[in-house]
Amino acid sequence: MTKLDPQRESMPGAVEKPVLRRHRGRLAQARDLVAEEIPVAFACNGEPFAVMMATPGDLEDFAIGFALGEGLVAHAGEVAVESIATSLEGVSIALSIPPSRAAALAGRQRSLEGRSGCGICGTAQLDAVLRPPPVVGAGRIISVEALDRALRELRDGQPLNALTGATHAAGWADAEGGVALVREDVGRHNALDKLIGAMARAGVDPQDGFAVVTSRASFEMVMKAAQAAIPMLAAISAPTALAIALADTAGLTLVGFAREHGHVVYAHPGRLRGNARGVAA
């Protein structure tokens with residue numbers, strides 16, 4: 001059997017599994033690293049709220065970011081992580097929020113687990129899903145060179161995906177494109193929640209940069225970015241029509257198909273400097 005490097009074995013969020021590998025027509029027993037995916041249950045003020053399927057890493061970031069990205073609280077000072085408990089069944093996270101915020105959650109509990117591919121599965125009411133997004137601030141002017149730099153640095157800042165090939169990443173870049181924070185998860189929206197939580201815990205001002213994600217820009221990604229007051233979201237894949245509409249309403253610059261030396265701006269292009277040259281009708 002192939003022996004994995006000890007450093008690889010210790011990577012949080014990855015587990016070693018036996019596999020049967022075929023290469024050039026030959027079969028061999030081997031061992032591989034695969035991404036973990038476990039239930040993470042959130043309770044607010046003692047009341048169950050949601051169960052998400054997520055990678056069990058950066059859980060305090062996840063807890064804070066989930067509360068902010070879901071609009072459970074207005075700012076990080078309104079939420080406290082009371083406990084994080086791990087069991088054979090998964091992870092339970094107890095959050096404490098102001099009673100007035102908790103009262104507003106009636107009907108927003110998720111009756112089903114939120115699978116890693118969907119940020120809103122099981123939400124009890126449609127109006128909880130399609131609530132009006134907050135308007136983001138003015139933010140900074142970002143150059144296309146800064147966007148290209150952020151994409152390069154995000155690609156190099158994904159150790160879990162490098163090992164497993166199964167995780168998304170969300171990164172926070174400053175106005176010059178330097179990526180200061182990266183969080184990974186099997187769920188694209190979980191990765192963004194973790195990033196939002198990491199930003200809040202580090203005291204990062206969302207107005208000072210932008211977010212980049214290794215996924216499509218679905219509407220819940222735009223909603224979470226707007227809830228966190230992030231003025232620009234760049235995704236390497238496509239947005240949805242609803243995501244574009246929400247970005248337009250929130251005043252958020254939405255970039256899709258963001259690759260080095262190319263991208264498409266779907267909403268509020270004014271924050272991205274360098275797009276005007278060579279524009280054809």
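Residues numbered from 1 in each chain as written. Predicted model: local features only at pLDDT ≥ 70, side-chain atom pairs only at ≥ 80, totals over all residues. Heavy atoms only, no water.

Trainee: Mind laying out the overall build of the protein, listing which residues take part and the relevant values?
Mentor: Secondary structure summary: the protein contains nine helices and 14 strands in total. Within the protein, the fraction of its 281 residues that count as buried is 48%. Taking contacts inside the protein between residues at least 6 apart in sequence as the whole, the part at least 24 apart equals 53%. Carbon and sulfur atoms make up 54% of the accessible area of the protein, which amounts to about 13,000 Å² in all. (Helix = DSSP H or I, 4+ residues; strand = E, 2+ residues; numbered from the N terminus. Buried < 20%, exposed > 50% of the residue type's maximum accessible area, 1.4 Å probe, protein only. Contact = heavy atoms within 4.5 Å. Areas by Shrake-Rupley, 256 points an atom, 1.4 Å probe, with all protein chains shown as cover.)

Trainee: Summarise the sheet that holds strand β4 (residues 47–54); cite the residues concerned and give the values.
Mentor: Reading across from one edge, β4-β3-β6-β5 is the order of the four strands in this open sheet, with mixed pairing throughout. Each of the sheet's edge strands pairs with one partner strand only, and the pair in question is β4 and β5 (80–87). For this sheet, the mean inter-axis angle between neighbouring strands, taken without regard to orientation, is 20 degrees. Bridge analysis of β5 against strand β6 (residues 90–96) gives seven bridges, and the strand direction is antiparallel. Residue pairing for β6: Ala80 is matched across the bridge by Ser96. (Pairing = 2+ DSSP bridges. Axes fitted to C-alpha atoms, helices over the stretch in contact; angles between N-to-C directions.)

Trainee: Residues and numbers for helix α2 (residues 59–69), please.
Mentor: In an α-helix there are 3.6 residues to a turn, and that puts residues three or four apart on one side. Burial runs high along α2: ten of the eleven residues are buried. Those residues of α2 that fall on the buried side of the exposure criterion are Leu59, Asp61, Phe62, Ala63, Ile64, Gly65, Phe66, Ala67, Leu68 and Gly69. With its phi angle positive at about 70 degrees, Gly71 sits one or two positions after the end of α2.

Trainee: Got a sec to walk through the pairing of strand β13 (residues 262–267)? Specific residues and values, please.
Mentor: With four bridges joining them, strand β12 (residues 253–259) and β13 adopt antiparallel strand pairing. Looking across to β13, one finds that Arg259 is bridged to Gly262. Between the end of β12 and the start of β13, which pair antiparallel, lie two residues, with His261 showing a positive phi angle near 70 degrees.

Trainee: Talk me through the packing of aromatic side chains; I want residue IDs and the actual numbers.
Mentor: Counted according to the given criterion, the structure contains four aromatic pairs. Ring geometry for Phe62 versus Phe66: centroids 6.3 Å apart, planes at 80 degrees, classification edge-to-face. Of this pair, Phe62 and Phe66 both sit in helix α2, separated by four residues, roughly a single helical turn. Here Phe62 and Phe66 have matching classes, each one buried. We note Lys194 situated over the ring of Phe62; from NZ or CZ to the ring centre the distance is 5.8 Å. (Phe/Tyr/Trp six-rings, centres within 6.5 Å; stacked < 30°, edge-to-face > 60°. Lys NZ or Arg CZ within 6 Å of the ring centre and 35° of its normal.)

Trainee: Kindly report on the pattern of salt bridges, identifying the contributing residues and their values.
Mentor: In this structure the tally under the stated criterion is 16 salt bridges. A salt bridge links Arg155 to Asp156; the nearest nitrogen and oxygen atoms lie 3.8 Å apart. Judged by relative accessible area, which is 63%, Asp156 ranks as exposed. The salt bridge involving Glu260 is made with Arg155; its shortest N-O contact spans 3.0 Å. On the criterion of sequence distance, the pair formed by Glu260 in the loop between β12 and β13 and Arg155 in helix α5 (residues 144–156) is long-range, its members being 105 residues apart. For Glu260, a relative accessible area of 28% gives the class partly exposed. Each of Asp58, Glu60, Asp61, Arg183 and Arg201 takes part in a single network of salt bridges with overlapping partners. (Salt bridge = Lys/Arg side-chain N within 4 Å of Asp/Glu carboxyl O.)

Trainee: Give a detailed account of the nonpolar core, specifying residues and quantitative values.
Mentor: Counting 53 residues, the largest nonpolar core has Val40, Phe42, Leu233 and Leu254 as its most contacted members. With seven residues, the single largest contributor to this core is α2. Once residues within four sequence positions are removed from consideration, Val40 is found in contact with Ala50, Val51, Met52, Ala54, Leu59, Phe62, Val91 and Ile93. Ranked by size, the runner-up nonpolar core spans 19 residues in total, among them Val144, Ala169, Ala234 and Leu272. (Core = buried A, V, L, I, M, F, W, Y, C linked by side-chain atoms within 4.5 Å.)

Trainee: Mind laying out helix α7 (residues 188–202), listing which residues take part and the relevant values?
Mentor: Counted at 1.5 Å a residue, the expected span for α7 with its 15 residues is 21 Å, and the 21 Å between its end C-alpha atoms agrees. For α7, the buried fraction is high: twelve of the 15 residues fall into the buried class. Within α7, the full set of buried residues consists of Arg188, His189, Asn190, Ala191, Leu192, Asp193, Lys194, Leu195, Ile196, Gly197, Ala198 and Met199. Taken together, the buried residues of α7 touch β4, α2, β8 (168–174), β9 (179–185), β10 (209–213) and α8 (219–227). Backbone geometry just downstream of α7 places Gly203 in the positive-phi region, at approximately 75 degrees. (Expected span 1.5 Å × (residues − 1).)

These values are about where atoms sit, not about what they do.
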